[in-house]
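# An overview of the molecular structure
Here is what each chain is made of, one letter per residue.
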Amino acid sequence: LAACEGARRGIGRDRTNADVVNRVTEFLDERNINYDGANVVTVSSPGFDSAETLQNVTVTVQVPCGGNLLIPSNWFDDVTLSASVTMRKEYKNLQ
């Protein structure tokens with residue numbers, strides 16, 4: 001869901017990769033999900049900053065399972081959960 005929320009934020013006109021990262025981290029924080037701030041969001045190239053109208057852009061979100069499970073378990077401490085969403089940029093950014 002975080003990847004979808006981030007991609008939805010980025011598809012509008014004058015939206016940037018920074019807007020996407022901010023929305024994803026906001027979404028994760030609202031749900032008290034632990035994550036590595038530097039590596040949580042990856043945006044494909046071209047990103048939302050420079051994508052043309054109707055060009056596909058992919059957002060990938062990665063969070064560790066360790067510290068995010070309802071039932072603590074050491075089996076998943078080294079596992080990273082990853083999800084990707086691809087959406088089309090609705091309108092090219094005006095510069």
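Just so it is clear, the model here is predicted, and its values are computed rather than measured.

## As for the nonpolar core
- If you look at the biggest cluster of nonpolar residues, it comprises 17 residues, and the most contacted ones within it are V24, L28, V59 and V61.
- Sorting the residues of this core by element identifies α1 (2-10), α2 (17-30) and β2 (56-64) as the ones contributing at least two each.
- Excluding residues within four positions of it along the chain, V24 makes contact with A2, G6, V41 and V61.

## A closer look at the environment of P46
- Along the chain, the position of P46 falls in the loop between β1 (41-43) and β2.
- Separated by 38 residues in sequence, P46 and S84 have C-alpha atoms that sit 15 Å apart.
- Beyond its immediate stretch of four places on either side in the chain, P46 contacts A51, Q55 and V57.

The rules behind these values
- Residues numbered from 1 in each chain as written.
- Predicted model: local features only at pLDDT ≥ 70, side-chain atom pairs only at ≥ 80, totals over all residues.
- Heavy atoms only, no water.
- Core = buried A, V, L, I, M, F, W, Y, C linked by side-chain atoms within 4.5 Å.
- Buried < 20%, exposed > 50% of the residue type's maximum accessible area, 1.4 Å probe, protein only.
- Helix = DSSP H or I, 4+ residues; strand = E, 2+ residues; numbered from the N terminus.
- Contact = heavy atoms within 4.5 Å.

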